[in-house]
Amino acid sequence: MKLIGLFLAFVLSSFAQEYAVVSNSLLDKLSPLQIKAIFLKKLTHINSKHIVPVNLPSSSNIRDNFEKELLHMSKKRLKSYWIKKHYLGVRPPVTMKSQKSALAFVKNVQGAITYVKIENIDESIKVLYKFSDGKSEK
Amino acid sequence: MFNFFKKSLANRLLISFLTIGFLPFLIFLVYTLVLSETQIVKKLISDQHHEVEVMSKLIDTHLNSLSKEVSFLARLEVMDDVLAQDLDKRVSRLLKQKKDDYELDLDFFFVDKDANILASSNIELLEKKFFGANSFKFQKGSFIEADELFMYAKVYASFDSKKSLGYLILKYSLENLKVYFEHKKDANAYMYNPKSSLYIGSNNGLSIVIKSTKDSINIEKDLVVYKKMNNMLKDWYIFYAVEKHTALAFFYNFNLFMLYLSPFILLLVIFISLKFSRYIVKPIKDLTLITDEIVHSKDYSRYLDMASEDEVGKLAESFNTLLNTTDKSIDASEAKSSFISNMSHELKTPLNAIIGFSQYLITYEKLSDEQLDIVSNIENSSQYLLEMIHGILDIAKIEAGKVDINIQKQNILELCQECFSMLEPLADDKGLGFEFMVKDCSLELIDTDEKIFKQILINLLSNAIKYTQNGEVKLMLSNTRNELLVKVIDNGIGIPKDEMPKLFKEFSRIDNKLSSKQKGTGLGLSLSKKLANVIEADISLESDGLSYGTTAIFSLKLRGE
């Protein structure tokens, strides 16, 4: 039974999808903790620059993986977190419908930060962190 | 004309009824014809002002709600999508949906800082430049280009309230406002901008010179009211024109109706007035008719039968009482007269025998002087008695109304001359001056009864001679316009003032030295006066007192030609 689990994990990881947390070139590399703080709007400025996290829609797989791998929070917990934050006057991050528009947003807005599938990235964009749906790596 | 009212109660009533009935109607008519048009036009204008006010408020509210919508949309988080060139078309879809909700000729679009249209409810506008970008001066506002109104609101990033993304704009065609210009059958509303000479809605060929922010104009066919709009449409005026002939149609019809109606009302009022005035006066007329009949027929035993219980009924009732009383007294008086005339008649027969026999005795030669005296006395007394009986009979006749009157044209001078001549010997006997004078008498012929006239005049003359011892008696004839005056003037014993009223009473004589010597029945004057009344004449006596003489005036009313 344990063996089957390990095998499955291996198979899945061999098809693992890779993602990247990206921003325009003005931002440096960020730690997962920093990314988590940014997307929970606990960290709003880096080097006195305004950081704008951009989410994908809640129906998106990419967002699911991002929340699982980097925020380590369930949908339910996130929901109650944002309800609490709402009463403190903090709104959840901006949501873009597609990766394409999220990338366009990041290109246009200074300090904007989002996450996309790794194959969608081009040179004009700076990768701050990479992660996969299997396990995260440095 | 004045007599027309004075002499007829019915006419007075008629005029009163006509006045009461028609005057208020007349006043009302004049009011509706002359005064009420201006009032109605005034009212109409104030109604139109109200209408314009309501329209302008509706338009204002509508535009304000649109402007709020623009501000509201501009604050939506989804606007952040324009930072990604609205690649997902979320903004455009939202704007399209809003446009569809309104079902009006309008478009929403987003313009970035470089005047590029990034999102729009109308795909055709996408990726074009917006021409009016330099009109954005405030956070939100509006401006008008030709017949299009643009409302704008600045859009900020949801994550950074200082980060301006561009402007959300609503392009609104003013033609949309036509729905507020309710096209009634008789009214026409439109908007006009004197700066750009643009019209929204049809002006129906009217051209109005604008003088103030709010006014009303009464032109030949139309009543026009206008008002300057405010806020977003500040250069525009809203007009409301009403065609007079339709707006005032009811009033004109009413006037015409009143005019056509007035003759009928007049006729009706006249008819009712006539009917009522006659109805009210009729019992009085009936009463007059019956009393006239009674007076003519002298049948006082009749009875007035008035069914009404009103004032006229009461009058008839008291009239009946009066008739009853009169009837009784007339019966009594008639009984008296017939008694007197019968008795006098019975007395005359033996008296005539006495007179006849005593006259026979007087001519009898063998009577001694003493005997002759006695017989003469008998004859004299009998004559006196007979005279008295004649007098009484005459009075009874007059009272019974049985005097025959025979009125004919008589020569007045001849009549008087005859009487004068008849009594001249009597005056001569007493040695009195006796004169007949005509003074200011233009008359020759009069209508009167010869016999009665003579009887009266002779009586007056003989009275004058009788009561004058020495002096003179004058017969004087004169006339005024209405009367013939025959005056018998003497300077005899006269009449004391306090005795004057007694003179015309039957059997009354004034007690004095002279009268006691004179024989007299006391019937003469009374009889003369009654006779005079029969021929519509009168007798009056004037005297300054005892021994100042007397003037008897016999005045005879002249009959109109």
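Owing to the predicted nature of the structure, the values given are computational and were not obtained by experimental measurement.

Things to note about the overall build of chain A
- Counting its regular elements, chain A contains 5 helices and 7 strands.
- Counting helices and strands in the order they occur from the N terminus, chain A gives α-β-α-β-β-β-α-α-β-α-β-β.
- Split into buried and exposed, the 138 residues of chain A put 25% on the buried side.
- Across chain A, every contact between residues at least 6 apart in sequence was considered, and the portion connecting residues at least 24 apart equals 74%.

What to know about the environment of B:F181
Residue and element names in this part refer to chain B.
- Tracing the backbone through its elements, the reader meets F181 in the loop between β5 (164-173) and β6 (187-193).
- The class for F181 is buried, based on 20 C-beta atoms found within 10 Å.
- Each C-alpha atom of the pair F181 and Y240 lies 8.6 Å from the other, and the pair is 59 residues apart in sequence.
- The contact partners of F181, leaving out residues within four places of it in the chain, are A189, Y190 and G201.

A short note on the interface of chain B and chain A
- The partner chain A presents 12 residues to the 11 residues of chain B that form the contact.
- Residue composition of the side of chain B that touches chain A, by class: 4 nonpolar, 2 polar and 5 charged.

Topic: the confidence of the model for chain B
Residues and elements named next belong to chain B.
- Across chain B, pLDDT averages 84, with 95% of residues at or above 70.
- No element of chain B has a lower mean pLDDT than helix α10 (residues 513-517), at 55, and none a higher one than strand β4 (residues 148-156), at 92.
- Here the complex is predicted with pTM 0.57, and the ipTM for its interfaces comes to 0.81.

Thoughts on the environment of B:V375
- Checked against the element boundaries, B:V375 lands in helix α7 (residues 369-399).
- Beyond its immediate chain neighbours, meaning those up to four positions away, B:V375 contacts B:S358, B:L361, B:I362 and B:L367.

Overview of the pairing of strand β15 (residues 483-490) of chain B
All names here are of chain B.
- On β15, burial follows the alternation: L484, V486, V488 and D490 on one face are buried, whereas E483, L485, K487 and I489 on the facing-out side are not.
- Sheet topology note: the strand β14 (residues 472-479)/β15 ladder contains 7 bridges and is antiparallel. Note that in β15 the partner of N479 across the bridge is L484.
- Where β14 hands over to β15, the hairpin turn is made up of 3 residues, counted between the paired strands.

Looking at the packing of helix α8 (residues 412-430) of chain B against helix α9 (residues 450-466) of chain B
Residues and elements named next belong to chain B.
- Packing of α8 against α9 brings their axes to within 10 Å, and their N-to-C directions diverge by 25°. When the axis of α8 is compared with that of α9, the two are roughly parallel. Both α8 and α9 take part in a crossing whose hand is right-handed. The segment α8 lies against α9, with L415, C416, E418, C419, M422, L423, L426, A427 and K430 engaging E450, F453, K454, L457, I458, L461, S462 and I465.
- For the contact of α8 with α9, the residue count by class is 12 nonpolar, 1 polar and 4 charged.

Brief notes about the sheet that holds β6(B)
Residue and element names in this part refer to chain B.
- What the 5 strands build is an open sheet, ordered β7-β6-β10-β9-β8; its pairing is antiparallel. Only two strands of the sheet have a single neighbouring strand rather than two, namely β7 (198-200) and β8 (214-218). Averaged over all pairs of adjacent strands, the angle between their axes in this sheet comes to 20°, without regard to strand direction.
- Pairing of β8 with strand β9 (residues 222-228), which is carried by 5 bridges, proceeds in the antiparallel orientation.

Overview of the sheet that holds strand β2 (residues 117-120) of chain B
Residues and elements named next belong to chain B.
- Ordered in space as β2-β1-β5-β4-β3, the 5 strands form an open sheet in which the pairing is antiparallel. Strands with a single pairing partner mark the edges of an open sheet, and in this sheet they are β2 and β3 (140-145). Recorded for the sheet is a direction-independent mean angle of 25° between the axes of neighbouring strands.
- Pairing geometry for β3 and β4, over 6 bridges, is antiparallel. Residue pairing for β4: S142 is matched across the bridge by M151.
- Those strands touched by helix α2 (residues 9-74) are β1 (106-112), β3, β4 and β5, and its axis lies near 30° from that of β4.
- Against the sheet, helix α3 (residues 90-102) makes contact with β1 and β2, and its axis sits at roughly 155° relative to β1, the strand it touches most.

A look at the nonpolar core
- If you look at the biggest cluster of nonpolar residues, it comprises 84 residues, and the most contacted ones within it are A:F105, B:L168 and B:I238.
- Looking at this core element by element, the count peaks at 8 residues for α2(B).
- Among all residues touching A:F105, those that are not within four sequence positions of it are A:V54, A:M96, A:A112, B:L83 and B:A84.
- One finds B:A396, B:A427, B:L475 and B:I539 within the second-largest nonpolar core, a separate group that totals 35 residues.

Comments concerning unusual backbone geometry
- Positive phi, normally seen in glycine, also occurs at A:H72, with a value near 55°.
- Counting through the fold element by element, A:H72 comes out in the loop between α3 (61-71) and α4 (75-87).
- Given 10 C-beta atoms within 10 Å, A:H72 falls into the exposed group.
- If you check the backbone angles, B:K89 has positive phi at about 60° while not being a glycine.
- Residue placement: B:K89 occurs in the loop between α2 and α3.
- Using a count of 16 C-beta atoms within 10 Å as the deciding quantity, one classes B:K89 as partly exposed.

Cut-offs applied
Residues numbered from 1 in each chain as written. Chains lettered and ligands numbered in written order. Predicted model: local features only at pLDDT ≥ 70, side-chain atom pairs only at ≥ 80, totals over all residues. Helix = DSSP H or I, 4+ residues; strand = E, 2+ residues; numbered from the N terminus. Buried ≥ 20, exposed ≤ 12 C-beta atoms within 10 Å, placed from the backbone. Contact = placed C-beta atoms within 7 Å. Nonpolar A, V, L, I, M, F, W, Y, C, P; charged D, E, K, R; others polar. pLDDT = per-residue confidence, 0-100. Pairing = 2+ DSSP bridges. Axes fitted to C-alpha atoms, helices over the stretch in contact; angles between N-to-C directions. Parallel < 35°, antiparallel > 145°, perpendicular 65-115°, else oblique. Left-handed = near helix turned anticlockwise from the far one by under 90°. Core = buried A, V, L, I, M, F, W, Y, C linked by C-beta atoms within 7 Å.

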